[in-house]
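As a plain string of letters, each chain reads:
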Amino acid sequence: FQPKVLAGKRVLVTAGPTFEAIDPVRGITNLSSGKMGYAVARAAREAGAEVLLISGPTALEAPFGVRRIDVQSAQQMHDAVLSQIDGQHVFVAVAAVADWRVLNASEQKMKKQADGSVPELKFAQNPDILATVAARTNLRGYPYCVGFAAESENLVEFGSSKREKKGIPLLVGNIGQNTFGQDDNTIILFDEDGHTVLPRASKLELARQLISEISKRVSKLSLL
Ligand code: C5P
């Protein structure tokens, strides 16, 4: 049984990878399984929130009681988030969003060339969904924005600078190699006071601890 610390709150979560098409049957994606984001959505629902999950392609089922919108590309995830963000109290960006999309994607399946010539892909930068939402935070601090950072090294240093760069009150750091596809994780929470390590545990257990930390901070906002 989980205490209903987010009763009456609306929480929007992004999860999973994105898929950036190269042609109708090929694309570029990443190793995110969606497990951490789905665990956050489940933990938020257990805490009494109304939860909307905007998910890239994953093999997972939506947690009980959670509404899900499926998207493929970063641009679609961005558009879905912005169309749903009004009225949300908390935004947790767990998705591993592609930094780039293919500008010259082919409308038809690309054919292998007899002369051995290979396709040349051109890239454009995708919008930063989290930074866009964070820039719209209102004077009371809603939506309360939480980001994730998957680094491969120097997590403590990168984590606190990324939190500031994104303009968000709370950032969750993890090491990419320790989390992608796995059932457990180690995370570090970065906020304006510094950082706290949440030791290795199942993603659901960590998600519950994270939701508890978020709810403490959100309840302070409501007092202002
Ligand atoms: O800058 P970086 O991609 O490492 O930041 C990761 C955080 O930003 C995650 O919370 C991720 O969901 C979010 N993000 C996003 N839109 C992007 C890139 C990252 O919302 N285009």
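What you see is a predicted model; the values in this text were computed from it and never measured.

A.B. asks: Please clarify how the sheet that holds strand E5 (residues 67-70) should be interpreted in this entry.
C.D. replies: Consider a sheet: its strands pair through backbone hydrogen bonds, and that pairing is either parallel or antiparallel. Strands sit in the order E5-E4-E1-E6-E9-E10-E11-E12 across an open sheet of 8 strands; the sheet is mixed. Of all strands in the sheet, those with a lone pairing partner are E5 and strand E12 (194-202), marking the two edges. If you compare each strand with its neighbour and ignore which way they point, the axes differ by 20° on average. Relative to strand E6 (residues 90-93), strand E1 (residues 10-15) runs parallel, the two being bridged by 4 bridges. Residue pairing across strands places Val11 opposite Val90, the latter belonging to E6. On top of the sheet, helix H1 (residues 35-46) reaches E1, strand E4 (50-55), E5, E6, strand E9 (144-151) and strand E11 (184-191); it is set at about 170° to E4, its chief contact. Contacting E9, strand E10 (170-175), E11 and E12, helix H4 (residues 155-166) runs over the sheet at an angle of about 50° to E11.

A.B. asks: Would you take a moment to explain the site of the ligand for this structure?
C.D. replies: Looking at the ligand, the residues that line it are Ala93, Ala95, Val97, Pro127, Asp128, Ile129, Leu130, Gly147, Phe148, Lys162 and Lys166. At 2.8 Å, a backbone N or O of Pro127 approaches a nitrogen atom of the ligand. Ile129 has a polar backbone atom sitting 2.9 Å from a nitrogen atom of the ligand. In isolation the ligand exposes 450 Å². Once the protein is present, 85% of that is buried. Those elements that provide at least two residues to the shell around the ligand are helix H3 (129-134), E9 and H4. Residue composition of the shell around the ligand, grouped by class: 7 nonpolar, 1 polar and 3 charged.

A.B. asks: How should a nonpolar patch on the surface be read in this particular structure?
C.D. replies: A cluster of nonpolar side chains, Ile28, Trp100, Leu121 and Phe123, forms an exposed patch at the surface whose accessible area comes to about 390 Å². As for its position among the elements, Ile28 is in strand E3 (residues 26-28). With relative accessibility at 33%, the residue Ile28 sits in the partly exposed group.

A.B. asks: Is there a simple way to explain the side chain of Arg163 in this structure?
C.D. replies: Take Arg163: it is sitting in helix H4. Buried within the structure, Arg163 lacks any salt-bridge partner; its nearest side chain of opposite charge belongs to Glu164, at an N-O separation of 4.4 Å.

A.B. asks: Whenever I open this one, the confidence of the model for the protein confuses me. Can you help?
C.D. replies: When pLDDT is averaged across the protein, the result is 95; 99% of the residues are at 70 or more. Overall fold confidence for the complex sits at a pTM of 0.95, while the interface term, ipTM, reaches 0.92.

A.B. asks: Looking at this structure, I do not really get the pairing of E10. What am I missing?
C.D. replies: Regular strands have side chains that alternate between both faces of the sheet. For E10, a buried count of 6 out of 6 residues is recorded, marking the element as mostly surrounded by other parts of the structure. Side chains of E10 alternate between two faces, with Leu170, Val172 and Asn174 and Leu171, Gly173 and Ile175 buried alike. Sheet topology note: the E9/E10 ladder contains 6 bridges and is parallel. Its bridge partner being in E10, Val146 is matched across the sheet by Leu170. Regarding topology, H4 serves as the crossover connection from E9 to the parallel E10, and that connection is right-handed.

Analysis parameters
Residues numbered from 1 in each chain as written. Predicted model: local features only at pLDDT ≥ 70, side-chain atom pairs only at ≥ 80, totals over all residues. Heavy atoms only, no water. Pairing = 2+ DSSP bridges. Helix = DSSP H or I, 4+ residues; strand = E, 2+ residues; numbered from the N terminus. Axes fitted to C-alpha atoms, helices over the stretch in contact; angles between N-to-C directions. Contact = heavy atoms within 4.5 Å. Near = heavy atom within 4 Å. Polar contact = N/O pair within 3.5 Å; in protein donor to acceptor, adjacent residues only side chain to side chain. Areas by Shrake-Rupley, 256 points an atom, 1.4 Å probe, with all protein chains shown as cover. Nonpolar A, V, L, I, M, F, W, Y, C, P; charged D, E, K, R; others polar. Patch = residues over 30% accessible without salt bridge, like charges linked within 9 Å, V, L, I, M, F, W, Y side chains within 5 Å. Salt bridge = Lys/Arg side-chain N within 4 Å of Asp/Glu carboxyl O. Buried < 20%, exposed > 50% of the residue type's maximum accessible area, 1.4 Å probe, protein only. Lys, Arg positive; Asp, Glu negative; His and termini not counted. pLDDT = per-residue confidence, 0-100. Right-handed = clockwise from strand over helix to strand, strands pointing away.

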